[in-house]
Number of protein chains: 2
Amino acid sequence: MPAHPSGSPQPENADAQGAGEGARGGSIAAVAQRVGVSVATVSRVLNGHANVRAATRERVLAEVEASGYRVNELARNLRTAESRLLLTMVPDFGNPFYAEIVRGIDSVARQHGYFMLLCDTGADAGRERGYFDLLRRHRADGAICLDPATVQQANRLMAAESAALPWVACCEFDPDVGVPFVGIDNYRAAHDAVRHLIARGRRRVALINSDEHYLYAQQRRDGWRDALAEAGVEARDVWRVNVNCLDYDAGAQAAAALMHLPAEHAPEAIFAVSDTLAVGVVNGLRSVGRRVPDDVAVVGFDDIALAARIDPPLTTIAQPMRELGETAARLLLRRLADPRASVPGVLLPHRLVIRESA
Amino acid sequence: MPAHPSGSPQPENADAQGAGEGARGGSIAAVAQRVGVSVATVSRVLNGHANVRAATRERVLAEVEASGYRVNELARNLRTAESRLLLTMVPDFGNPFYAEIVRGIDSVARQHGYFMLLCDTGADAGRERGYFDLLRRHRADGAICLDPATVQQANRLMAAESAALPWVACCEFDPDVGVPFVGIDNYRAAHDAVRHLIARGRRRVALINSDEHYLYAQQRRDGWRDALAEAGVEARDVWRVNVNCLDYDAGAQAAAALMHLPAEHAPEAIFAVSDTLAVGVVNGLRSVGRRVPDDVAVVGFDDIALAARIDPPLTTIAQPMRELGETAARLLLRRLADPRASVPGVLLPHRLVIRESA
DNA sequence: CTGAAAGCGCTAACAG
DNA sequence: CTGTTAGCGCTTTCAG
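Computed from a predicted model, the values in this text were never measured in an experiment.

1. A short note on the relation of the copies chain B and chain A
Mapping chain B onto chain A calls for a screw motion: a turn of 180° about the axis and a shift of 0.0 Å along it, with 0.1 Å RMSD after fitting. In symmetry terms, the pair is related by a two-fold rotation axis. If distances are taken from each C-alpha of chain B to the rotation axis, the shortest is found for Leu117(B), at 2.4 Å. When the interface residues of chain B are mapped onto chain A, 100% of them again fall at the interface, so both copies present the same face.

Take a look at the structure:
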């Protein structure tokens, strides 16, 4: 890891572009000249290579310190052919679930000398291919994709090439396409949630799911369906509502809609595939006069910070968000370190957190 | 703006590093050779320069398309001496307030061909100087700082140099140091909040403020104090509590503490300087048996999405978060476009949003 | 309208 | 231990 000179506050004497000679400004050559050594030596000192005499090293360091010289990473990057940037694609970083994952990514990236390029794919959808082009154009060394839509696009549009690009899928993934991934066992998680509801005596369990175009949504639906079936309950279509957006309002609306079913079919419980949704569900239920959990039990998904703080505190499936991000970053880094190492897919454990809403 | 070839899915024939000749792989030279023109011509086509014969342009474009060539931005960046990256420093991007501002930044940055380097300063505090070094090392062309601690450090440590670096302050700022900024009038905003409480008949108004080391916190405190004074109420010290962290728990704790005051001094209202805090306050109040707003009125700050959705819906001071971010990015971009243009400080309007908590 | 050539600032062989 | 040198791949004068 390169030395990190802490510099003093003198302003650099650099002007606009350093268009002049090549000797004066802030270049490594200028430093070398002033110290009376070669650029190679300065470079070696800067990069912490061992083969420099202590005295020489000191002189270089002193000049660097005095002049406030900073390496130009643009040049270094071209030379070493790496940007030291990791691209993170997220559908919506206002969502606390993704925010926490992104934190995990950022933290391991930084530890390894990488910075994070953040792209909110929701900001301009349909640019899926464009994001991966950032890799091809060397703007980033690798990518982590948290956006299910983009993951699917990538798998579809680039079947052959996709697995060759240095990226990993996080949360949404297809084990069959050869792209490294990290996520949870969505089927089991949903199964666990519904089984808990059943254990609590609820049988008519509704599912508020996201777009079942996504694999994770399909898996959660299947978990829900099968858990119900194992209790001898048929998973009715009217109990299943799909939303395009996982926010509070969508949850409130969906809950209200569900409550319009004739009394004998009305759900006794609702399983929402995201906590933000579930919070909306709880509110929506309250606004149509239903009590939680007395009238309708609610289970969420993710275990964001807010989940424990709403009234009533939300029972939910916890995902290890931070670890999801950290693992994704580590997988990617491993792949960058050795492009032909086979990087595995990893499933992290989820956990049913029982609070008061169910 | 460079042309954006939409490419076809053929995998590139590139191998590891392109370590070979210089003619074959994915370089602009390779494309030039295959088409039978010079690299200059290819470059001109790629960058949309007008002075290329249509027929030549077509041939180049066809080859680019066929070969899946992508420009190497590492090289481009060195040559043009710009990274086309904007650094955003945020204390905590899990906080929905910052998340929304960051969205604003991202959106205008993208529109202008820049990407965003995101640094969560909370992740490793004390590195303030290091962040600005990213500018000196040409890792980013400019920076936007949303972190009050970092803004102050920068103003202090780099008094002379600071104003020379291409950065802008957002939300926390000191008009006197010559760094462009965007924010709101915190004094007036706090004043408005407290005046509203007074108009509602509350006189003992508590303030839950963040660290008054920050300018914005000082301004809000002054607004609170003066609004109280104008109503003939002395702003008592026991009504003022400072927290280090603006999250739910801090709010709940502070509220509980405030409710331990002897009945004749107990606040009839609480003004919390952030909605996340205010949500905690409402919960904390409820948990010690106080009703909102009947026993204690609550006003928050920011107007994050959650504010309207809690029970009771939160009265708050709305900040134009999105615009704050967009404006910050625009100011920065203007400064980059013309380094010696004098970029102004701008104050955006806030707004009192009256809901049910006060 | 097109080509040749000069670097951007740095790292990494390769020679001493 | 240190210096010389050759590019990384691109943009951009400067000449035709």
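2. Side note on the protein's contact with DNA strand C
Taken together, 26 residues are adjacent to DNA strand C, and Ile28(A), Tyr69(A), Arg76(A), Arg79(A) and Thr56(B) come closest. Looking at DNA strand C alone, sugar and phosphate atoms form 60% of those within 4 Å of the protein. Between DNA strand C and the protein, one listed contact pairs a phosphate oxygen with a side-chain N or O atom of Ser43(A) at 2.9 Å. At 3.2 Å, a backbone N or O of Asn72(A) approaches a phosphate oxygen of DNA strand C.

3. Observations regarding the nonpolar core
Counting residues in each nonpolar core, the largest one holds 158 residues, and the members touching the most others are Ile208(A), Ile270(A), Phe271(A), Ile208(B), Ile270(B) and Phe271(B). Discounting chain neighbours no more than four positions away, the residues touching Ile270(B) are Ala206(B), Ile208(B), Ala255(B), Leu258(B), Met259(B), Val281(B), Leu285(B), Val296(B), Ala297(B), Val298(B) and Val299(B). Grouped together as the second largest cluster of nonpolar side chains are 44 residues, Leu87(A), Cys145(A), Met89(B) and Phe132(B) included.

4. Focus: empty space enclosed by the protein
One pass over the full model with this rule turns up six cavities of 30 Å³ or more. In this structure, the largest cavity encloses a volume near 220 Å³. Those elements that provide at least two residues to the lining of the largest cavity are α12 (275-287) of chain A together with α12 (275-287) of chain B.

5. What about unusual backbone geometry?
In this chain, Asp311(A) is followed by Pro312(A) through a cis amide linkage whose omega measures -5°. With respect to the secondary-structure elements, Pro312(A) resides in the loop between β9 (297-302) and β10 (315-318). Note that the residue after Val292(B), namely Pro293(B), is joined by a cis bond; omega there is 5°. Looking at where Pro293(B) falls in the secondary structure, it is placed in the loop between α12 and β9 (297-302). For His138(A), which is not glycine, the phi torsion reads 65° and is therefore positive.

6. Here's the deal with the pattern of salt bridges
Residue and element names in this part refer to chain A. This structure, assessed with the given rule, holds 48 salt bridges over all chains. As a salt-bridge pair, Asp-192 and Arg-195 come within 3.3 Å of each other at their nearest N and O atoms. Here Arg-195 and Asp-192 lie together in helix α9 (residues 186-199), a separation of three residues that amounts to about one turn. Relative accessible area serves as the criterion here: at 17%, Asp-192 is assigned to the buried category.

7. Describing the pairing of strand β2 (residues 115-120) of chain A
Residues and elements named next belong to chain A. Taking burial as the measure, the six residues of β2 include six buried ones, the bulk of the element. Burial of the side chains of β2 extends over both faces: Phe-115, Leu-117 and Cys-119 are buried on one face and Met-116, Leu-118 and Asp-120 on the other. Looking at chain direction, strand β1 (residues 85-90) and β2 are connected through six bridges and run parallel. The residue bridging Val-90 from the neighbouring strand is Asp-120, located in β2. Where the polypeptide runs from β1 across helix α5 (residues 96-111) and back to β2, its parallel neighbour, the crossover connection is right-handed.

8. Things to note about the packing of helix α6 (residues 128-136) of chain A against helix α7 (residues 148-157) of chain A
All names here are of chain A. Contact geometry of α6 with α7 gives a least axis separation of 9 Å together with a crossing angle of 75°. Considering the angle they form, α6 stands roughly perpendicular to α7. Contacts from Glu-128, Arg-129 and Phe-132 in α6 reach Thr-150, Gln-153, Ala-154 and Leu-157 in α7. In the contact of α6 with α7, the residues fall into three nonpolar, two polar and two charged.

9. Points about the packing of helix α11 (residues 248-258) of chain B against α12(B)
All names here are of chain B. Running from N to C, α11 and α12 point in directions that differ by 45°, and their axes come no closer than 6 Å. Viewed along their axes, α11 and α12 adopt a mutual orientation that is oblique. Read as a crossing pair, α11 and α12 show a hand that is right-handed. Two secondary-structure elements touch here, α11 through Tyr-248, Ala-250, Gly-251, Ala-252 and Ala-255 and α12 through Thr-276, Leu-277, Val-279, Gly-280, Val-281, Gly-284 and Leu-285.

10. Some remarks on the UniProt feature "domain: HTH lacI-type" (unreviewed entry) in chain A
UniProt tags residues 27-80 of chain A as "domain: HTH lacI-type" (unreviewed entry). What you have in residues 27-80 of chain A is 70% helix and 0% strand, and the ends, taken at the C-alpha atoms, are 17 Å apart.

11. Brief notes about the protein's contact with DNA strand D
The immediate surroundings of DNA strand D are formed by 26 residues, with Thr56(A), Ile28(B), Tyr69(B), Arg76(B) and Arg79(B) found nearest. A share of 58% is what sugar and phosphate atoms reach among the atoms of DNA strand D within 4 Å of the protein. Within the contact set of DNA strand D, a phosphate oxygen lies 2.3 Å away from a backbone nitrogen or oxygen of Ile28(B). Arg79(B) places a polar side-chain atom, nitrogen or oxygen, 2.5 Å from a base oxygen of DNA strand D. Counting only elements with at least two residues in the surface near DNA strand D, the list comes to α2 (39-46) and α4 (73-80) of chain A together with α2 (39-46) and α4 (73-80) of chain B. If one sorts the elements of the surface near DNA strand D by residue count, α2(A) sits on top with four residues.

12. Thoughts on the sheet that holds β10(A)
Residues and elements named next belong to chain A. An order of β7-β6-β8-β9-β10-β12 is seen for the six strands of this open sheet, with the pairing classed as mixed. Since the sheet does not close on itself, it has two edges, and those belong to β7 (240-243) and β12 (351-353), each with one partner. Within this sheet the neighbouring strands show an average axis-to-axis angle of 20°, counted without direction. Bridge count for strand β6 (residues 205-210) against β7 is four bridges, and the pairing is parallel. When the sheet's bridge partners are listed, Ile-208 is paired in β7 with Val-241. In the packing of helix α10 (residues 215-230) onto the sheet, the strands contacted are β6, β7 and β9, and the crossing angle to β6 comes to about 170°.

13. Overview of the domain arrangement of chain A
All names here are of chain A. Per the domain assignment, the segments making up chain A are domain 1 (1-81), domain 2 (82-184 + 321-349) and domain 3 (186-318). Just the C-alpha atoms count here: the centres of domain 2 and domain 3 sit 29 Å apart. The partner domain 3 presents 11 residues to the 13 residues of domain 2 that form the contact. Counting the surface lost from both domain 2 and domain 3, the interface buries some 1,100 Å², and carbon and sulfur atoms represent 57% of this. When residues of domain 2 are sorted by the area they lose upon contact with domain 3, Gln-152, Glu-172 and Ile-184 head the list and together hold 39% of the total. Mapped by element, the contributors of at least two residues to the side of domain 2 that touches domain 3 are α5 and α7. In terms of residue count, α7 provides more of the side of domain 2 that touches domain 3 than any other element does, four residues in total.

14. Looking at α2(B)
Residues and elements named next belong to chain B. Of the residues making up α2, those classed as buried are Thr-41, Val-42, Val-45 and Leu-46. Looking straight down α2, one finds that the buried residues subtend no more than 135° of arc, so they occupy a single side. Buried residues belonging to α2 abut α1 (28-35) and α3 (54-67). Trailing α2 by a residue or two, Gly-48 shows a phi angle of about 70°, which is positive.

What counts, and at which threshold
- Along each chain, the written sequence defines residue order, and numbers are assigned to residues from 1.
- Labels are handed out in written order, letters beginning with A for the chains and numbers beginning with 1 for the ligands.
- Given that this is a predicted model, residues contribute local features only at a pLDDT of at least 70 and side-chain atom pairs are listed and counted only at 80 or more, while totals for whole chains, interfaces and linings are drawn from all residues.
- Values shown for side chains rest on all heavy atoms present in the structure; no hydrogens or waters enter the calculation.
- Copy-to-copy alignment: least squares on C-alpha atoms, limited to residues at pLDDT 70 or above in both.
- Residue contacts are defined here by distance: any two heavy atoms, one from each residue, within 4.5 Å place the two residues in contact.
- Working definition: residue near molecule or strand if any one of its non-hydrogen atoms lies within 4 Å of it.
- Here a polar contact is taken to be a pair of N or O atoms separated by no more than 3.5 Å, where protein atoms must pair a possible hydrogen donor with a possible acceptor and residues adjacent in sequence count only if both atoms sit in side chains.
- Nonpolar core, defined: a set of buried Ala, Val, Leu, Ile, Met, Phe, Trp, Tyr and Cys residues in which side-chain atoms within 4.5 Å join the residues together.
- Categorising residues by exposure relies on relative accessible area from a 1.4 Å probe, with only protein chains included: less than 20% of the type maximum marks a residue as buried, more than 50% marks it as exposed, and the intermediate range marks it as partly exposed.
- A pocket, in this scheme, is an open set of points on a 1 Å grid over the protein atoms alone with protein on both sides within 12 Å along at least 5 of 7 lines, while a cavity is a set where a 1.4 Å probe fits but cannot get out; residues line either one if an atom lies within 4 Å of a point.
- Grid points are joined across faces, edges and corners, and a volume is the space filled by probe spheres set on the points.
- Under the DSSP-based scheme used, a helix requires at least four consecutive residues in state H or I and a strand at least two consecutive residues in state E, with every element numbered from the N terminus.
- We count a salt bridge whenever a side-chain nitrogen from Lys or Arg sits within 4 Å of a carboxyl oxygen from Asp or Glu.
- Two strands qualify as a pair provided DSSP detects at least 2 bridges between them.
- If you view a crossover with the strands going away from you and the path from the first strand over the helix to the second runs clockwise, you call it right-handed.
- Here an axis means a line fitted to C-alpha atoms, over the contact stretch when the element is a helix, while the angle between two N-to-C directions is reported on a 0 to 180 degree scale.
- Roughly parallel means an angle under 35 degrees; roughly antiparallel, over 145; roughly perpendicular, 65 to 115; everything else is oblique.
- Residues are grouped as follows: nonpolar covers Ala, Val, Leu, Ile, Met, Phe, Trp, Tyr, Cys and Pro; charged covers Asp, Glu, Lys and Arg; every other residue, Gly included, is treated as polar.
- By convention the crossing between two helices is left-handed if the near helix lies anticlockwise of the far one by an angle smaller than a right angle, and right-handed if it lies clockwise.
- UniProt positions are given in the numbering used here, feature names are shortened, and annotations may be inferred rather than shown by experiment.
- Here the bounds of each domain stem from an automatic or database domain assignment.
- Buried area, as used here, totals the accessible surface that two parts lose on assembly, with accessibility defined by a 1.4 Å probe and the loss added over both.
- Note that the arc is computed from the directions linking the helix axis to the C-beta atoms.

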